Each structure stands twice: as structure tokens, then as C-alpha cells.
Amino acid sequence: MKTFGLIGYPLSHSFSQQYFIEKFERENITDCEFKNFPLENINDFPVLLKNNPSLCGLSVTIPHKQSVRRFLDDVDDVARKVGAVNCIKINRKSENGKWKLLGFNTDVYGFEKSLVPLLKTHHERALILGTGGAAQAVARALINLNIDFLFLTRENHPKQLNRHSYSLVHDGYLMEHLIIINATPAGMFPNSNECPPIPYEYLTPQHLLYDLVYNPEETLFLRKGKEKGVLTKNGLEMLQLQAEKAWEIWNS
């Protein structure tokens, strides 16, 4: 039996296990299983590998997308540029008899592929809310699509040139950036009454709001956009696409 799984903490918000269970049933895959591995401390990662010798691949979610890299033998170009890994291929037939761990980032693929059908000619600039691993994946996808972007952060005085503080955002930011992507956990269940602190009153029907959060299906961020006639999308399709990409990598 081949084992695949998900590491992160906590994992109550994750869809991965149910997605792959249904996939295995739907496609009559009988020699595979998918397990959740709640991992509070990334330093316990080697023990997890040792205790689960049937592991062939892992998905990685918050808060380990960046910290897990130090345990990997290599990462692909996308993960290297993003600085975050969300997919690990485990090869236990390495030359020295131990496993070899290869890291990938499928978030870029999932986000880019799900965003493209929504883009209009006026969608030339974007605001990325957040600066973590998910935000970096979004940025890489926007670079691929030749879309300019700025990061918004809670820092009062960000040091990087392309990062601006939420506290300084005014109507001009929203008028110039018609794509707004929430790459933070704000609004994720159970904190469904939260949303990123942007001036929603300046949204127009020309805007596109994309929330990487998928639980709840419609976050407060997206609901505030809909009230202004904005085109909105949650992160479910992105997750489905990146999961299928991970499955392809694990079995290549």
C-alpha cells in the first residue's frame, strides 16, 4: 500500500484528505491511501518519515511551506523562486539506501490556471494581500502572466520596495489595481468574521477579488466585493488543480 499525506498544523481546515479519498474511490485506485499528519513542530519531520515507511509523497500546508525546505535534498526551479514548498516527492530508492526528498510548488500552477479565465484587458495590476509562502506563489504566477503587483502587509514600515502597509492604502491603490488577491488566512473558518483591512468602499464592478481561502465558500472579503458588483472567486479550484499536479509529480 502506497501512502500519501498532508503535513501542517492545524489540519482541521484542510480539504486534501477527503479530496484524495474521493479520487481513489472514483478512479478505483485500491493500492493507495491518504492520511493527515498534524505536525506542530517541523523538527519532528524526520521522525514522521521514519515511522511511516510506506510514504511516497506529501502535501505541505501552513505553517511549514518554508521551514520544511531545510530537510529536502533538492527543490525544483518554481519552489526555489517562490521560496516555498507545498509538495514533496519521496524516493526511497536512493543510492545510499535512504530516502531522497524532492520539493515542488504546485500552488503557482493552480493559481495561474484558475485565474486566467477570469482576466479581462483592464486587469493589468494586482494587490497581493500578505507576504508569506502563498503570497509568493501568487506573485510568481502574476510574473508569468506579465501582471504588475504590490504586496500589502501589516508592517508599518516595510523595507522592500514593492511592499506597502495596509495603513497607507487609499482609494488610489484600488483604482490602479483592479485585481486583489487575499493570500492570508484572514476569514478562514472558524474566524469567518474577519477580512483584510482594505477600503472596500472603493471597489467597482471592474475589480476582480480572488481569495485563496475556500472555507467558508464565501468569505467576508468576497462578500464585501459582491456587494459592490465585483467578480469574485475562492480558492477551491486552485486547490483542486494543485492537488492533481501533486498527484502527477508523485507518480512520475
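Residues numbered from 1 in each chain as written. Predicted model: local features only at pLDDT ≥ 70, side-chain atom pairs only at ≥ 80, totals over all residues. Heavy atoms only, no water.

> Help me out: how do you make sense of the environment of Val 75 in this one?
With respect to the element layout, Val 75 can be found in strand 4 (residues 74–75). By relative accessible area, which is 11% here, Val 75 ends up buried. Each C-alpha atom of the pair Val 75 and Leu 101 lies 8.6 Å from the other, and the pair is 26 residues apart in sequence. Filtering out sequence-adjacent residues up to four positions away, Val 75 remains in contact with Arg 69, Arg 80, Val 85 and Gly 103. (Helix = DSSP H or I, 4+ residues; strand = E, 2+ residues; numbered from the N terminus. Buried < 20%, exposed > 50% of the residue type's maximum accessible area, 1.4 Å probe, protein only. Contact = heavy atoms within 4.5 Å.)

> How do you make sense of the packing of aromatic side chains when you look at a structure like this?
Here a ring pair, both rings aromatic, is described through the centre-centre distance and the interplanar angle of the planes. For the structure on display, the rule yields 14 aromatic pairs. On the numbers, 5.7 Å between centres and 65° between planes, the contact of Phe 15 with Tyr 214 is edge-to-face. You can see Phe 15 sitting in the loop between strand 1 (2–8) and helix 1 (16–26) and its partner Tyr 214 sitting in the loop between strand 11 (208–211) and helix 7 (220–226), a full 199 residues away along the chain. Note on Phe 15: relative accessible area 13%, which makes it buried. Note on Tyr 19 and Phe 20: the rings are 5.5 Å apart at their centroids and 90° apart in plane angle, and the pair reads as edge-to-face. Here a set of aromatic residues connected by ring pairs shows up, and it is made of Phe 4, Phe 15, Tyr 19, Phe 20, Phe 24, Phe 34, Tyr 214, Trp 247 and Trp 250. Geometry around Tyr 200 places Lys 224 over its ring, the cationic atom sitting 5.2 Å from the centre. Taking the ring centre of Tyr 109 as reference, the NZ or CZ of Lys 245 above it sits at 4.9 Å. (Phe/Tyr/Trp six-rings, centres within 6.5 Å; stacked < 30°, edge-to-face > 60°. Lys NZ or Arg CZ within 6 Å of the ring centre and 35° of its normal.)

> Even after reading the chapter, I still don't get helix 8 (residues 236–250), so can you show me in this structure?
Side chains that are three or four residues apart share a direction in an α-helix, a result of its 3.6 residues per turn. For helix 8, spanning 15 residues, the distance from its first C-alpha to its last is 21 Å, which sits close to the expected 21 Å at 1.5 Å a residue. The set of residues buried in helix 8 consists of Met 238, Leu 239, Leu 241, Gln 242, Ala 243, Ala 246, Trp 247, Ile 249 and Trp 250. (Expected span 1.5 Å × (residues − 1).)

> Just checking my understanding: could you explain the side chain of Ser 165 for this structure?
Take Ser 165: it is sitting in strand 9 (residues 163–165). On the accessibility criterion, Ser 165 (2% relative accessible area) is buried. Side-chain polar atoms of Ser 165 contact the backbone oxygen of Glu 155, separated by 3.0 Å. Residue contacts for Ser 165: discarding those within four places in its chain leaves Thr 153, Glu 155, Asn 156 and Pro 158. (Polar contact = N/O pair within 3.5 Å; in protein donor to acceptor, adjacent residues only side chain to side chain.)

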